[in-house]
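# Architecture at a glance
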Amino acid sequence: DWPACEAGQGPACARLATSFRDGLGITADTRASVRMLEEACAYGEPAACLEAGDDYYHGVFVKRDRVQSDALYREAMLRLSERCDEGWFGACHELGVRFYGREGDYQDRAAARRVLYRACAGRELEACLPLAGLYESGPEGSRDPEAAHALYEATCAAGVRPACEQLKREAK
């Protein structure tokens, strides 16, 4: 993967990061792992941006650095947004989850609802679960328990187990 990473292939850099982190075929080197994640991020891999950003945010493998964490997170959100706009529903799902679950500057429930709806409508079924949660817990005026229930039913019927478990909890 070295030559491919050096040639600008983000997925190769991400695989190298995993190898360094876990010591797969090479000596474990967590700092090198973070550097490889940053390379993968620079080559357009949003998951690598998020992972490296989390490492900096929590001070895992590297010194805690909120500025670097935020820069990597912004890059990931930009890449995910671009891919979502291009119709990659998995990117819409990840983007929605990040808007929904992140605290502070990045939390945006309206944006989460919009992109999760797009992903769910695009048959990215795992996106339907947080969307249903938004329908259940939205601010006054935007709650729609019937829509949430319908999403759980449709998603369960498609074989998504957590949706079926939610329906069981509702039935109690």
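One structure accompanies this document, and this report is about it.

Rules used in this analysis
- Residues numbered from 1 in each chain as written.
- Predicted model: local features only at pLDDT ≥ 70, side-chain atom pairs only at ≥ 80, totals over all residues.
- Heavy atoms only, no water.
- Helix = DSSP H or I, 4+ residues; strand = E, 2+ residues; numbered from the N terminus.
- Buried < 20%, exposed > 50% of the residue type's maximum accessible area, 1.4 Å probe, protein only.
- Contact = heavy atoms within 4.5 Å.
- Areas by Shrake-Rupley, 256 points an atom, 1.4 Å probe, with all protein chains shown as cover.
- Core = buried A, V, L, I, M, F, W, Y, C linked by side-chain atoms within 4.5 Å.
- Disulfide = S-S within 2.5 Å.
- Salt bridge = Lys/Arg side-chain N within 4 Å of Asp/Glu carboxyl O.

### Side note on the overall build of the chain
For the chain, the count of helices and strands is 10 helices and zero strands. Written out in order from the N terminus, the α and β elements of the chain read α-α-α-α-α-α-α-α-α-α. Burial analysis of the chain (172 residues in total) assigns 39% to the buried set. Long-range pairs, those at least 24 residues apart, make up 41% of the contacts in the chain with a sequence separation of at least 6. Carbon and sulfur atoms form 50% of the exposed surface of the chain, whose accessible area is close to 9500 Å².

### Thoughts on the nonpolar core
In terms of nonpolar packing, the biggest core is built from 49 residues, with L95, F99, L151 and Y152 touching the most fellow members. Those residues in contact with L95 that sit more than four places away from it in its chain are M77, L80, S81, C84 and V115.

### A few points about the state of the cysteines
All told, the structure shown has five disulfides when counted by the stated rule. Between C84 and C92 runs a disulfide, and the two sulfur atoms are separated by 2.1 Å. What sets the handedness of the C84 and C92 disulfide is the S-S torsion sign, and at about 100° it is right-handed. A single burial state applies to C84 and to C92, both of which are buried. Through a disulfide, C120 is tied to C128; the S-S separation comes to 2.0 Å. In this structure the cystine formed by C120 and C128 twists about its S-S bond by roughly 100°; its chirality is therefore right-handed. Accessibility expressed as a relative area gives 11% for C120, which makes it buried. With its bonded cysteines labelled in order along the sequence, the chain shows the pairing 1-2, 3-4, 5-6, 7-8, 9-10.

### Describing the pattern of salt bridges
For the coordinates displayed, the defined rule picks out seven salt bridges. Here E51 and R21 are joined by a salt bridge, their closest N and O atoms 2.9 Å apart. In this pair, E51 sits in helix α4 (residues 46-58) while R21 sits in helix α2 (residues 10-22), placing the two residues 30 residues apart along the sequence. According to the relative accessible area criterion, E51 is partly exposed, its value standing at 31%.

### Quick word on the environment of Y73
Its location among the elements puts Y73 in helix α5 (residues 66-85). Accessibility expressed as a relative area gives 2% for Y73, which makes it buried.

### Here we look at unusual backbone geometry
Of note, the phi angle at F61 is positive, near 70°, even though the residue is not glycine. Mapped onto the secondary structure, F61 falls in the loop between α4 and α5. Although it is not a glycine, R123 sits at a positive phi angle of roughly 70°. Within the secondary structure, R123 sits in the loop between α7 (109-121) and α8 (128-137).

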